[in-house]
Amino acid sequence: EAAHWPAWHSAAVRYLRARPDWEDEEWSEDTEQLVAFVFGASVHYIADEFFEGLNGGHLGYGQGFVEALGCMNLNTTGVGDQNESAANLGGDFFLAYGFDVSGIHPWRREFPLQEISDIYKLYNGSDRPQGFNVSVAALKECELLFDLGTWAELTFGPLL
């Protein structure tokens, strides 16, 4: 969860800038993959803020698109993350149903697990000023679950 928020992104940027090839004309493949991962984590943060209205202390007041719809259609407060799970599940399966997702290949994606573990140790958020001790083994379990979930969405989403 911490990788969603700016303190983790700050740690990731510090980690990237300390890489030996950061200022080289060409980056190593490992640096390129890590930059791509950090971009993806950053985009996910923005999606959480604006689409779901999560963590309202950073950009808004917890009133994202999903919560606005919940307020209008489900008689919820419109603040918080009351409708996040339903929206995530529905959105993920709808993508597989309504769009060409043939370019997404679970089991063949690259996750820079060692680097992610190192970044968690650099994390310096107000909730965890000493960082996290996230092991590569724990991240491998997350990778497996993420790939399994993606496979399920791609396999069963079109059947809707």
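Our subject is the structure that appears above.
What you are looking at is a predicted structure, and each value in this text was computed from that prediction instead of being measured. (Residues numbered from 1 in each chain as written. Predicted model: local features only at pLDDT ≥ 70, side-chain atom pairs only at ≥ 80, totals over all residues. Heavy atoms only, no water.)

(A) Quick look at the packing of aromatic side chains. Scanning the model with the defined rule gives seven aromatic pairs in all. Ring centres of F94 and F99 lie 5.9 Å apart, and the angle between their planes is 80°; on these two criteria the pair is classed as edge-to-face. Taking the centre distance of 5.8 Å and the plane angle of 85° together, the rings of W151 and F156 count as edge-to-face. Under the relative-accessibility criterion, F156 is labelled partly exposed at 42%. Chaining the aromatic ring pairs together yields one cluster made of W8, F37 and Y120. (Phe/Tyr/Trp six-rings, centres within 6.5 Å; stacked < 30°, edge-to-face > 60°. Buried < 20%, exposed > 50% of the residue type's maximum accessible area, 1.4 Å probe, protein only.)

(B) Structural detail: helix α5 (residues 113-122). All of the buried residues along α5 are L113, E115, I116, S117, I119 and Y120. Along its buried surface, α5 packs onto α1 (6-17), α2 (29-52) and α6 (136-156). (Helix = DSSP H or I, 4+ residues; strand = E, 2+ residues; numbered from the N terminus. Contact = heavy atoms within 4.5 Å.)

(C) Structural context of the environment of F65. Following the sequence through the fold, F65 ends up in helix α3 (residues 65-73). Separated by 13 residues in the primary sequence, F65 and E52 place their C-alpha atoms 6.0 Å from one another. If we skip the residues at most four places from it in the chain, F65 touches F50 and F51.

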